[in-house]
Amino acid sequence: MQTKIRVENLNFYYGNFQALKNISMEIYENKITALIGPSGCGKSTFIKSINRMYDLIDGAVAKGSISFDEIEILDKNTDVVELRKRIGMVFQKPNPFPKSITENVLYGVKRHGDVPKIEWLALLESSLKKASLFSEVEHKLNQSAFSLSGGQQQRLCIARTLATKPEVLLMDEPTSALDPIATAKIEELLEELKKEYTVIIVTHSMQQAARISDYTGFFLNGELIEFGLTKTLFSTPKDKRTEDYITGRFG
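Summarised in this report is the structure supplied together with it. (Residues numbered from 1 in each chain as written. Predicted model: local features only at pLDDT ≥ 70, side-chain atom pairs only at ≥ 80, totals over all residues. Heavy atoms only, no water.)

What the chain contains, in helices and strands, is 10 helices and 10 strands. By the compact-globule yardstick of 18 Å for 251 residues, the chain fits well, its C-alpha radius of gyration being 18 Å. Across its three principal directions, the C-alpha atoms of the chain cover 55 × 40 × 35 Å. Looking at the chain as a whole, 54% of its 251 residues are labelled buried. Counted over contacts in the chain with a minimum sequence separation of 6, partners at least 24 positions apart contribute 67%. On the chain, roughly 12,100 Å² of surface is accessible, and the fraction owed to carbon and sulfur atoms is 48%. (Helix = DSSP H or I, 4+ residues; strand = E, 2+ residues; numbered from the N terminus. Rg over C-alpha atoms; globule rule 2.2 N^0.38 Å. Buried < 20%, exposed > 50% of the residue type's maximum accessible area, 1.4 Å probe, protein only. Contact = heavy atoms within 4.5 Å. Areas by Shrake-Rupley, 256 points an atom, 1.4 Å probe, with all protein chains shown as cover.)

This brings us to the layout of surface pockets. Considering only enclosed or pocket space, the largest pocket measures out at about 690 Å³ in volume. Taken together, 22 residues line the largest pocket, and the ones lying closest to its centre are Arg 84, Met 89, Tyr 107, Arg 111 and His 112. Elements with a contribution of two residues or more to the lining of the largest pocket: helix H2 (80-86), strand S6 (87-90), helix H3 (101-112) and helix H6 (150-162). Split into classes, the residues belonging to the lining of the largest pocket amount to 11 nonpolar, 7 polar and 4 charged. (1 Å grid on protein atoms, 1.4 Å probe; cavity = no way out; pocket = protein on both sides within 12 Å on 5 of 7 lines; lining within 4 Å. Points joined across faces, edges and corners; volume = space filled by probe spheres on them. Nonpolar A, V, L, I, M, F, W, Y, C, P; charged D, E, K, R; others polar.)

Quick look at the nonpolar core now. In this structure, Leu 128, Leu 156, Ile 158, Met 171, Leu 190 and Leu 193 are the most contacted members of the largest nonpolar core, which totals 44 residues. Here the element with the most residues in this core is helix H7 (residues 180-193); it accounts for 5 residues. Membership of the second largest hydrophobic core comes to 31 residues, among which are Leu 10, Ile 50, Met 89 and Val 202. (Core = buried A, V, L, I, M, F, W, Y, C linked by side-chain atoms within 4.5 Å.)

This brings us to the side chain of Gln 208. Mapped onto the elements of the fold, Gln 208 is located in helix H8 (residues 206-212). Classification of Gln 208 by relative accessible area gives buried; the value is 3%. Of the polar contacts made by the side chain of Gln 208, one reaches the side chain of Thr 175; its length is 2.9 Å. Those residues in contact with Gln 208, other than ones at most four positions away along the chain, are Thr 175, Thr 183, Glu 187, Ile 201, Thr 203 and Ser 213. (Polar contact = N/O pair within 3.5 Å; in protein donor to acceptor, adjacent residues only side chain to side chain.)

Turning next to the packing of H6 against H7. The geometry of H6 relative to H7 is characterised by a closest axis approach of 9 Å and an angle of 20 degrees between their N-to-C directions. Judged by the inter-axis angle, H6 sits roughly parallel to H7. Judged by the twist between their axes, the crossing of H6 over H7 is right-handed. On H7, the residues that touch Gly 151, Gln 154, Arg 155, Ile 158 and Leu 162 of H6 are Ala 182, Lys 185, Ile 186, Leu 189 and Leu 193. Here the residues of the contact of H6 with H7 are counted per class, giving 6 nonpolar, 2 polar and 2 charged. (Axes fitted to C-alpha atoms, helices over the stretch in contact; angles between N-to-C directions. Parallel < 35°, antiparallel > 145°, perpendicular 65-115°, else oblique. Left-handed = near helix turned anticlockwise from the far one by under 90°.)

This next bit is on the packing of H3 against H6. H6 packs onto H3 with a crossing angle of 35 degrees between their chain directions and a minimal axis gap of 6 Å. Between H3 and H6 lies a crossing whose hand is right-handed. On the side of H3, the interface is formed by Ile 101, Asn 104 and Val 105, while H6 contributes Leu 156, Ala 159 and Arg 160. Partitioning the contact of H3 with H6 into residue classes produces 4 nonpolar, 1 polar and 1 charged.

Tracing the chain through its elements places Thr 102 in helix H3. On the accessibility criterion, Thr 102 (14% relative accessible area) is buried. Not counting chain neighbours up to four residues away, the residues in contact with Thr 102 comprise Leu 124, Leu 141 and Asn 142.

Counting buried positions over the 8 residues of helix H1 (residues 43-50) gives 6, a clear majority of the element. Within H1, burial applies to Lys 43, Thr 45, Phe 46, Ile 47, Ser 49 and Ile 50.

As a further point, take the packing of aromatic side chains. Throughout the structure, instances matching the rule amount to 7 aromatic pairs. Ring centres of Phe 12 and Tyr 14 lie 4.9 Å apart, and the angle between their planes is 65 degrees; on these two criteria the pair is classed as edge-to-face. Looking at Phe 12, the relative accessible area reads 1%, which means it is buried. A relative accessible area of 28% means that Tyr 14 is categorised as partly exposed. Summarising the aromatic geometry, the rings of Phe 97 and Tyr 107 are spaced 4.6 Å apart at their centres and angled 55 degrees between planes, so their arrangement reads as tilted. A residue pair is termed long-range when its members are at least 10 positions apart, and Phe 97 in the loop between S6 and H3 and Tyr 107 in helix H3 qualify at 10 residues. Look at Phe 97 and you get partly exposed, because its relative accessible area is 26%. Classification of Tyr 107 by relative accessible area gives partly exposed; the value is 32%. Aromatic rings pair up to connect Phe 12, Tyr 14 and Tyr 54 into one cluster. Residue placement shows Arg 160 over the ring face of Phe 97; its charged tip is 4.1 Å from the ring centre. (Phe/Tyr/Trp six-rings, centres within 6.5 Å; stacked < 30°, edge-to-face > 60°. Lys NZ or Arg CZ within 6 Å of the ring centre and 35° of its normal.)

Right, here's the structure in full:
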């Protein structure tokens, strides 16, 4: 398997508080990696480290190494704008812009200005199709994104991310605000997306992690307690803390 992202001895601080402690793991290309663990254990901080979202937080400091292809993500000279094009992010709650469906999908493309205008319509259609949304919105592309249901809005946000042609998708509990039907659609979509993209998903649902991921990491109190094949981690965990968490003894 090809390693897409390698994390070595990652420590993360919010001021004096250490949120991540010596995290080391490999994220494999074209696989879905799920991150599980109780609230406040460091899952979201970890994925924010991968595309430098923490730059927006005063007092946040990451130390260690996160390598992505030939790029050292934590290097102060890394082009963060280019990095976030290649490593896209979808958030917990759908966050469409107060614009049309079309303007939402093409927002990043227009902002970066690296796709010729003649290609915009094709990119709009392909991004919506990859997000399994095109057939539902093709006759109302000029309507407000707010006219869509919550599940459709989340798929629109995925389409907006895909339009900038990333290689990695970071997803921070992308279905936690959705109903079971919308959640199932997102999960089906992820199975398709991993054929083209590397996916890292933070999930509060162990059942979801077991259903959709190839690899799972269990975080607790800022530490990566266990990481491995999802089937193995859920069936024969090596650490008692993992076993206690997945069997519901805490968390």
